[in-house]
Amino acid sequence: MKPNLSLEQQTDLLRSRGLIVADETECRSFLSTHNYYRLSGWARYFQTAPHEGDDSFRPGTSFDDIRRVYEADETLRARLVAPLARAELVLRTHVARVISDRHGPRGRYLEQSFYTDVGDAEPTVTACLRDVGRSKERHILHFKTDDGTGAPFADLPIWSAVEAFSFGTLSRCIERGAGGTLAAEVASSVGVATAGFAYRVRALVYLRNRCAHHSRLWHHSIIDAGPTPNNVRAKAKRLVGQFGPRSVLDVVASLDDVLVRSGASEATLPDLVLDRTGGEDFWPGIAAPRVPIDHRP
């Protein structure tokens, strides 16, 4: 069991592993506001072989090197929040429009038979009802009834309900709605390729959640990677260079495709290219994450 260490002991441990700490006071101050264990998620990529038990730092590595990529990662997460939020609003809008126009604005989308659920996973309609049920918004509460029919939101229109859905619930609706056809219908409405669209939305949800929870993007391989269309990927690579299919940049390329084709905003990638902060270590870790040691925050 690892012992609890004071800030001074944490700093001493880093130095004992070969890390150059030019200003101990500054290092301790940083550790006092950033969890040591959290920082180790970035630090391990500067170590010799942490996945094999060798936690020594590569010769010449300084605390400033680690802090530089840590803060660049923080900046990247902050810059992605707004475009991801815009994409979420686009999807809410088009889901409401498609369901309303093609399947009726009330009732049907809150029936279990509307969704194609798989295995023992929670029924999608359960998630929908839970989200609207805990909403405190007046436009939701106005439609809540207690008439004993088992359908407390039978008259709730989809354009109101989508505002209460979490992004994850919305993603599940897109993937499973209308017997599995809703994803293609929404993609067509947005103006993007229909193939694999539900999985692209899932990747956006995954990236949004990592940003919202302050999780590391540098050297992180996206678990729910969506099949970014080849033409979208090729265009992005002409702008930013090569990147892996499970990299953050691949998801951002897909994000830009949704934003631009829907008319919601301009692309995000060009601004990221103009501002490659974080030193020479940061951008490669975003474009080509190293998977074997990728199991820390």
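Look a little higher up for the structure.
Residues numbered from 1 in each chain as written. Predicted model: local features only at pLDDT ≥ 70, side-chain atom pairs only at ≥ 80, totals over all residues. Heavy atoms only, no water.

K.L.:
Describe the overall build of the protein chain, listing the residues and the values that go with them.
P.N.:
Along the backbone of the protein chain there are 14 helices and two strands. Overall size of the protein chain, expressed as C-alpha extent along the three principal axes, is 65 × 45 × 35 Å. Expressed as a percentage of its 297 residues, the buried residues of the protein chain come to 47%. Across the protein chain, contacts joining residues at least 24 apart in sequence account for 67% of those joining residues at least 6 apart. Taken as a whole, the protein chain presents about 14400 Å² of accessible surface, with 51% of it coming from carbon and sulfur. (Helix = DSSP H or I, 4+ residues; strand = E, 2+ residues; numbered from the N terminus. Buried < 20%, exposed > 50% of the residue type's maximum accessible area, 1.4 Å probe, protein only. Contact = heavy atoms within 4.5 Å. Areas by Shrake-Rupley, 256 points an atom, 1.4 Å probe, with all protein chains shown as cover.)

K.L.:
Could you give an account of helix α8 (residues 167–176), naming the residues involved and the relevant values?
P.N.:
Helical geometry note: an α-helix holds 3.6 residues per turn, so side chains three or four residues apart project in the same direction. Counting buried residues along α8, eight of its ten residues qualify, which places the element largely inside the surrounding structure. Where α8 is concerned, the buried positions are Phe167, Thr169, Leu170, Ser171, Arg172, Cys173, Ile174 and Arg176.

K.L.:
Would you mind going over the nonpolar core in detail, with residue names and values included?
P.N.:
With 84 residues, the main nonpolar core has Leu80, Tyr109, Phe165 and Leu207 as its most contacted residues. Those residues in contact with Leu80 that lie beyond four places of it in its chain are Leu207, Cys211, Leu217, Val248, Val252, Thr268 and Leu272. (Core = buried A, V, L, I, M, F, W, Y, C linked by side-chain atoms within 4.5 Å.)

K.L.:
Tell me about empty space enclosed by the protein, and name the residues and values.
P.N.:
Using the criterion set out here, one finds two cavities of 30 Å³ or more in the structure. For the largest cavity, the full set of lining residues is Ala72, Thr75, Leu76, Arg79, Leu272, Asp275, Arg276, Thr277, Phe282, Trp283 and Ile286. Those elements that place two or more of their residues in the lining of the largest cavity are α4 (63–103) and α14 (282–287). Broken down by element, the residue count for the lining of the largest cavity peaks at four residues, all from α4. Of the residues belonging to the lining of the largest cavity, the class tally is six nonpolar, two polar and three charged. By volume, the second largest cavity amounts to about 30 Å³. (1 Å grid on protein atoms, 1.4 Å probe; cavity = no way out; pocket = protein on both sides within 12 Å on 5 of 7 lines; lining within 4 Å. Points joined across faces, edges and corners; volume = space filled by probe spheres on them. Nonpolar A, V, L, I, M, F, W, Y, C, P; charged D, E, K, R; others polar.)

K.L.:
So what's going on with the layout of surface pockets? Which residues, and what values?
P.N.:
Regions of empty space are outlined by a rolling probe, equal in size to a water molecule, passed over the atoms. There is about 480 Å³ of room inside the largest pocket. Lining the largest pocket are 23 residues, with Lys2, Leu13, Arg17, Tyr36 and Ser40 positioned closest to its centre. Of all the secondary structure elements, the ones that give two or more residues to the lining of the largest pocket are α1 (7–16), α3 (36–43), β2 (54–57) and α4. Per element, the largest residue contribution to the lining of the largest pocket is five residues, and it comes from α3. Among the residues forming the lining of the largest pocket, the class breakdown is 13 nonpolar, five polar and five charged. Taken as a whole, the second largest pocket holds about 290 Å³ of empty space.

K.L.:
Tell me about the pattern of salt bridges, and please be specific about residues and values.
P.N.:
The final tally for this structure, using the stated rule, is 20 salt bridges. Measuring nitrogen to oxygen at the nearest pair gives 2.5 Å for the salt bridge that ties Arg130 to Glu122. Overall, the relative accessible area of 35% leaves Arg130 in the partly exposed class. Of the residues examined, Glu122 reaches a relative accessible area of 29% and is grouped as partly exposed. With its nearest N and O atoms 3.2 Å apart, the salt bridge here joins Arg134 to Asp131. Overlapping salt bridges bring together Glu8, Arg15, Glu24 and Arg28 as one network. (Salt bridge = Lys/Arg side-chain N within 4 Å of Asp/Glu carboxyl O.)

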